[in-house]
Amino acid sequence: RSGRLMLDGLYGLREKYPDLIGPIRGMGLLCAFELDSDELVGRVTDAALERGLLVTPTRNRVIRLIPPLIVSGSEISRGLGLLGSALASVVPRH
């Protein structure tokens, strides 16, 4: 259920930022999404960290989300909200 909540939230963010977020993939709580460039991955990663959300950037334009298995639904929702805020902060410069 938690993995489905996470993926649904990511698909919702992609609907809000279709020019920013590309393919989304996931299995259980291990989820990832692709952005346009590695530079954009760095900016989103920094913006997320400024908000208290730790994400895992990769060199192939992907950001991974790897929460602990004991994460609650409300924590997932809060994390997705922080991620949305981070994405919004880079949209004007994108």
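The structure we're discussing is the one just above.
Residues numbered from 1 in each chain as written. Predicted model: local features only at pLDDT ≥ 70, side-chain atom pairs only at ≥ 80, totals over all residues. Heavy atoms only, no water.

A. Representation of the overall build of the protein chain in the model. Each helix and strand in the protein chain was counted, giving three helices and four strands. Starting at the N terminus, the α and β elements of the protein chain follow one another as α-β-β-α-β-β-α. Along the first, second and third principal axes, the C-alpha atoms of the protein chain reach 35 × 25 × 25 Å. Buried positions account for 41% of the 94 residues belonging to the protein chain. (Helix = DSSP H or I, 4+ residues; strand = E, 2+ residues; numbered from the N terminus. Buried < 20%, exposed > 50% of the residue type's maximum accessible area, 1.4 Å probe, protein only.)

B. Geometry of the pattern of salt bridges. This structure, assessed with the given rule, holds four salt bridges. Asp 8 is paired through a salt bridge with Arg 4; the nearest N and O atoms lie 3.0 Å apart. Separated by four residues within a single helix, Asp 8 and Arg 4 lie in helix H1 (residues 2-16), roughly one turn from each other. Residue Arg 4 is classed as partly exposed on the basis of its relative accessible area of 47%. As a salt-bridge pair, Glu 39 and Arg 43 come within 2.9 Å of each other at their nearest N and O atoms. Taken as a pair, Glu 39 and Arg 43 lie in helix H2 (residues 38-50) at a separation of four residues, close to a single helical turn. What makes Arg 43 buried here is its relative accessible area of 19%. (Salt bridge = Lys/Arg side-chain N within 4 Å of Asp/Glu carboxyl O.)

C. Representation of the environment of Ile 66 within the structure. Counting through the fold element by element, Ile 66 comes out in the loop between strand E4 (62-65) and helix H3 (73-90). Sequence-wise, Ile 66 and Gly 9 are 57 residues apart; in three dimensions their C-alpha atoms are separated by 14 Å. Contact partners of Ile 66, with chain neighbours within four places excluded, come to Leu 29, Leu 30 and Thr 56. (Contact = heavy atoms within 4.5 Å.)

D. The sheet that holds strand E3 (residues 56-57), seen in detail. In spatial order, the strands read E1-E2-E4-E3; together these four strands make up an open sheet with antiparallel pairing. Here the strands that pair on one side only, and so sit at the sheet edges, are strand E1 (24-27) and E3. Across two bridges, E3 lies against E4 in antiparallel orientation. Across the sheet, Pro 57 pairs through a bridge with Ile 63, a residue of E4. Each of E1, strand E2 (30-34) and E4 touches H1; the most contacted strand, E1, lies at about 175° to it. The sheet contacts of H2 involve E3 and E4, and relative to E4 the element is tilted by about 35°. (Pairing = 2+ DSSP bridges. Axes fitted to C-alpha atoms, helices over the stretch in contact; angles between N-to-C directions.)

Honestly, that's just the spatial picture; any functional story needs more than this.
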